[in-house]
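Fold and contact review
If you want the building blocks of each chain, they are given just below.
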Amino acid sequence: MMHPDGVQYRLATPLTIEPMRKRDIKAVLAIEEQVYPRPWSAALFQSELALDETRCYLVARCERKVVGYGGLMMALSDGHITTVAVDPTQRRRGIARHIMLALCRDAVGRGAEALTLEVRMGNRAAQELYRRFAFVPVGVRKDYYDFPTGREDALVMWAHDVAKPEYAALLEALERR
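Small disclaimer: the values here were computed from a predicted structure and weren't measured.

Residue position: L44 is located in helix α2 (residues 42–49). Look at L44 and you get partly exposed, because its relative accessible area is 32%.

A word on the packing of helix α3 (residues 95–109) against helix α5 (residues 165–176). One way to put it is that α3 packs onto α5 with a least axis distance of 10 Å and a crossing angle of 155 degrees. Here α3 is positioned roughly antiparallel relative to α5, judged by the angle of their axes. The hand of the α3/α5 crossing is left-handed. Of the residues in α5, those in contact with R97, L101, C104 and R105 of α3 are Y167, L171, E172, L174 and E175. Within the contact of α3 with α5, the residues separate by chemical class into five nonpolar, no polar and four charged.

Two elements in contact, helix α1 (residues 25–35) and α2, have axes whose closest approach is 10 Å; the angle formed by their N-to-C orientations is 125 degrees. The angle between the axes of α1 and α2 places the two elements in the oblique class. The interaxial crossing formed by α1 with α2 has right-handed handedness. Note on element contacts: α2 touches α1 through A42, F45, Q46 and L49, opposite I25, V28, L29 and E32. Of the residues that constitute the contact of α1 with α2, the class distribution is six nonpolar, one polar and one charged.

Further remarks concern helix α4 (residues 124–132). Among the residues making up α4, those that are buried are A126, Q127, L129 and Y130. Along α4, the residues classed as buried sweep out an arc of 160 degrees about the axis, all on the same side. Its buried side turned inward, α4 meets β4 (78–86), α3, β5 (114–120) and β7 (150–160). Looking one or two places after α4, you find A134, whose phi comes out positive at around 75 degrees.

Model confidence for the protein is summarised by a mean pLDDT of 90, while 92% of its residues fall at 70 or above. Note that pLDDT drops below 50 for residues 1–12; the model gives that stretch 18 contacts with residues more than four away or on any other chain.

It is worth spelling out α5 at this point. It helps to recall that an α-helix has 3.6 residues per turn; residues three or four apart then point in one direction. With twelve residues, α5 extends 17 Å between its outermost C-alpha atoms, agreeing within 8% with the 16 Å of an ideal straight helix rising 1.5 Å per residue. Inspection of α5 places Y167, L171 and L174 among the buried residues, and these make up the whole buried set. End-on view of α5: buried residues confined to an arc of 60 degrees, all on one side of the axis. Of the exposed residues in α5, the ones pointing more than 90 degrees away from its buried face are P165, E166 and R176.

Here a ring pair, both rings aromatic, is described through the centre-centre distance and the interplanar angle of the planes. Tallied over the entire structure, the rule returns six aromatic pairs. A centroid spacing of 5.9 Å and a plane angle of 85 degrees characterise the contact between F45 and Y69, whose relative ring orientation is edge-to-face. Taken together, the residues span a long stretch of sequence, with F45 in helix α2 and Y69 in strand β3 (residues 65–75) at a distance of 24 residues. The residues F45 and Y69 share a single accessibility class, namely buried.

Rules used throughout
- Residues numbered from 1 in each chain as written.
- Predicted model: local features only at pLDDT ≥ 70, side-chain atom pairs only at ≥ 80, totals over all residues.
- Heavy atoms only, no water.
- Helix = DSSP H or I, 4+ residues; strand = E, 2+ residues; numbered from the N terminus.
- Buried < 20%, exposed > 50% of the residue type's maximum accessible area, 1.4 Å probe, protein only.
- Axes fitted to C-alpha atoms, helices over the stretch in contact; angles between N-to-C directions.
- Parallel < 35°, antiparallel > 145°, perpendicular 65-115°, else oblique.
- Left-handed = near helix turned anticlockwise from the far one by under 90°.
- Contact = heavy atoms within 4.5 Å.
- Nonpolar A, V, L, I, M, F, W, Y, C, P; charged D, E, K, R; others polar.
- Arc of directions from axis to C-beta.
- pLDDT = per-residue confidence, 0-100.
- Expected span 1.5 Å × (residues − 1).
- Phe/Tyr/Trp six-rings, centres within 6.5 Å; stacked < 30°, edge-to-face > 60°.

Listed below in C-alpha cells is the structure:
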C-alpha cells in the first residue's frame, strides 16, 4: 500500500479480522483511549457484544495483537457503522479498509439495503476511506462530538443500494487493492 508521502508500507504479519470477544475488550480499550477523548467503557462494549442479533463487532489482529476494531448496528434494513479505530502506530496500512470490508459484508449478509455513519468534520482521512465505500455526505450533526477541548460537528454519510450486485463488485475491487 502506498502512503500519500510516497513511502510504501506493508504489514509485517498477516492481518486477520475476527469477531470481537470479551477477552479482546482490554486491548480494544487501549486503542480506544488513544484515539478518542471520551472513550467507550468496558461495560458499553460488553453490552454491545451481548446484542449479537443486531450487532457485529470485529477486531483486526496482526498475529495475536489487536491493531484495530469496528462495530456495526443493524436497524431494520439499515446498517450503522458505530465505530472504526486503528492503533495509531499501525495507521495507513489498510487495516481500517479491511475492517470496513468485513463490516459492510456483514451488514449486507444481515439484509442491509443502506449503510450510515458519522465522522468528525476534521477527519479527512476517514471521510476519504468512507467515500471509497460509496458513502456520500448527506448532512451535518452540529456539536455531535464533545471533546475536552471543545465540540465538533459530525458529517453524516450514507451508502445506498448496498444489497445490489454493483456494491458487491465494489467490495471485491476494494479487497483486491
